[in-house]
Amino acid sequence: FEMYKRKSISSLIGRDLKDAHNKPEILEEHNKITGGKIITRFPPEPNGFLHIGHAKAMRFNFMMAADNDGFCYLRYDDTNPEKESQEYIDSIRECVGWLGYTPKAVNFSSDYFQQLYDFAVELIKRGKAYVCHQTAKEMQEGRKEGVDSPYRNRTVEENLELFEGMRQGKFEEGECCLRMKGQMDHKNSNMRDHVAYRIKYTPHPHAGDKWCVYPTYDYTHCICDSIEHVSHSLCTLEFENRRESYYWLLDALDIFKPVVWEYSRLNISNTILSKRKIDALIKEGHVDSWRDPRLLTLEGLKRRGYTPAAINEFCDCIGVSRKGNENVVDVKLLEHFIRKDLDENAPRTYCVTDPIRVVIDNMGDDEEISNEADLFPGNPEKGKITYTLTKSIFIEEADFSEEPQAKYFGLTPEQPVRIFSGPYIKLKEVVKNEDGSLSHLVVEKVDEVEKKVKGCIHWVSEKYSINARVNLYDRLFTHENPKALGKDWMGAINPVSLIVKENARMWAHLSDIKPYDRFQFLRKGYFTVDEDSTDDLKILNCTVTLSESKDA
Ligand code: ATP
Ligand code: MG
Ligand code: MG
């Protein structure tokens, strides 16, 4: 976060409170309340789980405030009761904390419902809002054509009475709504009499069943920013054309205006981030839930083995700018940061995902040979692990070939291999089942070989290993930018983004691992323990392969 540290907020965004053109007395009042501090907010709608794009938004809002001696609120922008839930509220709170942020306070737009309602009454009194009985379709057409609603010239008294009637539940949903009186032929369509309040007979996850009229995003967001005295309202570029209506409403109410500044959304390759699309993936069964490790939701990333440090470093690296809302950042950059973190911090061991049994002919049934290895190679002080060789072991199916192959360093009838922290093994016999499938290999261990051996493979002792399930992942989408495919985006789903290895074997040392413990399995990648692991079955999720070239 050097980027934020070095710059004051106004020099980074090139705009300060002066540019919001507040009246002097309003600015004075604001400064009296805030002491001139930088105040930002992170305003998610609790209609889904947070994703990596929200990590960027949080990084910007929280660090910008903290590094300029200010603070940041977490504000739930909860104005659509039918799409929102307590589950989402809880998950969001959890993720904000997980990434290391402490909001100055946790607020809900719905906490301000009474104030927002009072402001709406005030707006009507000022002749700047009216109750409209047009259908949604008529409104849409009127806005498109720039034609006034026939209800636009209702008197203040009539509007006050109708709005109160809306609140009291005298109308059906969709029968009427409160609209802001902008300008129907304004060149910016967001100025064309946006809806401020609509009727919904749905209880609210936070406000309960007190209300049957709910304010819209456009009406709510700017007023909440103003009420909270947010100095800088930072949002993504698709809201740029709403800046005008944002300022219009605050001017109409004659209340404090924050500086609005837009920055580019984060898009990542081979995935989608929109909550609506993630929801569709879940509903159609392409992923298990919001917490599926293939998703770049924060909970998905956590379950995949990502650390807050890696995610935050990634956000610092990409930075913020006012350009490129549709630019796509290669997911490999995100992977670079988790590799860097885990390379330093994850102990090394190994695990066999597709085991074949190997019997070492020249070892006694109970003979054991133990060897120590560093958990962090080159750093013996950070711990050691003992690997005990026994007569029966497992090696990886791919590390054995009955036929010689070019550039192959595994075990073949002609070619011995070395096993990690152990001797060389030489093939003696390939034992088959009746159906011709491989039963096991018989080998001989030797301490020396005639020709130089290039292969060194991982293994586990049968006696000292346990069964495990290993989840390997590939990209969720085969297309770099599924969003660009428009309505056909689902056609780019990778049909094999998950490969489950049910019969993997890992060292029994790992029988007491806990969810979110992380490892490097040599020659395979970085793994974390899935939260669904039990005492009887350990489940490991591959966070990322060891290097880009070995990507699955
Ligand atoms: P989505 O379109 O993914 O559903 P949203 O914009 O509707 O996201 P909100 O919960 O309303 O999500 O967003 C909360 C804050 O996070 C907003 O300030 C929004 O601009 C920001 N944000 C959301 N997605 C991204 C993204 N991909 N990159 C950067 N900021 C984002
Ligand atoms: Mg939204
Ligand atoms: Mg959205």
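Worth saying up front: this structure is predicted, and the values here are computed from it rather than measured.

A few words on the domain arrangement of the protein. Domain parsing of the protein yields domain 1 (2-263), domain 2 (275-345 + 468-550) and domain 3 (349-463). Centre-to-centre, using C-alpha coordinates, domain 1 lies 34 Å away from domain 2. Counting residues at the interface gives 21 residues for domain 1 and 21 residues for domain 2. Residue assignment for the side of domain 1 that touches domain 2 shows that the elements contributing at least two residues are α4 (52-66), α5 (86-98) and β9 (259-263). With five residues, α4 is the single largest residue contributor to the side of domain 1 that touches domain 2. Class assignment for the residues of the side of domain 1 that touches domain 2 results in eleven nonpolar, six polar and four charged.

Take the pairing of strand β1 (residues 39-42) next. The side-chain alternation of β1 yields two buried faces, one formed by Ile 39 and Arg 41 and the other by Thr 40 and Phe 42. Alignment of β1 against strand β2 (residues 71-76), held across four bridges, turns out to be parallel. Bridged to Thr 40 within β2 is Cys 72. Each parallel crossover has a hand, and the one from β1 via α4 to β2 is right-handed.

On to the packing of helix α9 (residues 217-227) against helix α10 (residues 243-253), then. Relative to each other, α9 and α10 sit at 65 degrees, their axes nearing to 9 Å. Regarding α9 and α10, the two cross each other, and that crossing is right-handed. Where α9 approaches α10, its residues Asp 218, Tyr 219, Cys 222, Ile 223 and Ser 226 are matched on the opposing element by Ser 245, Tyr 246, Leu 249 and Leu 250.

The subject of this paragraph is the sheet that holds strand β21 (residues 465-473). Strands sit in the order β10-β23-β24-β25-β21-β22-β11 across an open sheet of seven strands; the sheet is mixed. A single partner strand is all that each edge strand has here, and the edge strands are β10 (348-349) and β11 (351-352). Inspection of the sheet shows β10 paired to strand β23 (residues 518-521) by two bridges, in the parallel sense. By the bridge assignment for β23, Thr 349 is matched with Phe 521.

Reading guide: rules and limits
Residues numbered from 1 in each chain as written. Chains lettered and ligands numbered in written order. Predicted model: local features only at pLDDT ≥ 70, side-chain atom pairs only at ≥ 80, totals over all residues. Domains from an automatic or database assignment. Contact = placed C-beta atoms within 7 Å. Helix = DSSP H or I, 4+ residues; strand = E, 2+ residues; numbered from the N terminus. Nonpolar A, V, L, I, M, F, W, Y, C, P; charged D, E, K, R; others polar. Buried ≥ 20, exposed ≤ 12 C-beta atoms within 10 Å, placed from the backbone. Pairing = 2+ DSSP bridges. Right-handed = clockwise from strand over helix to strand, strands pointing away. Axes fitted to C-alpha atoms, helices over the stretch in contact; angles between N-to-C directions. Left-handed = near helix turned anticlockwise from the far one by under 90°.

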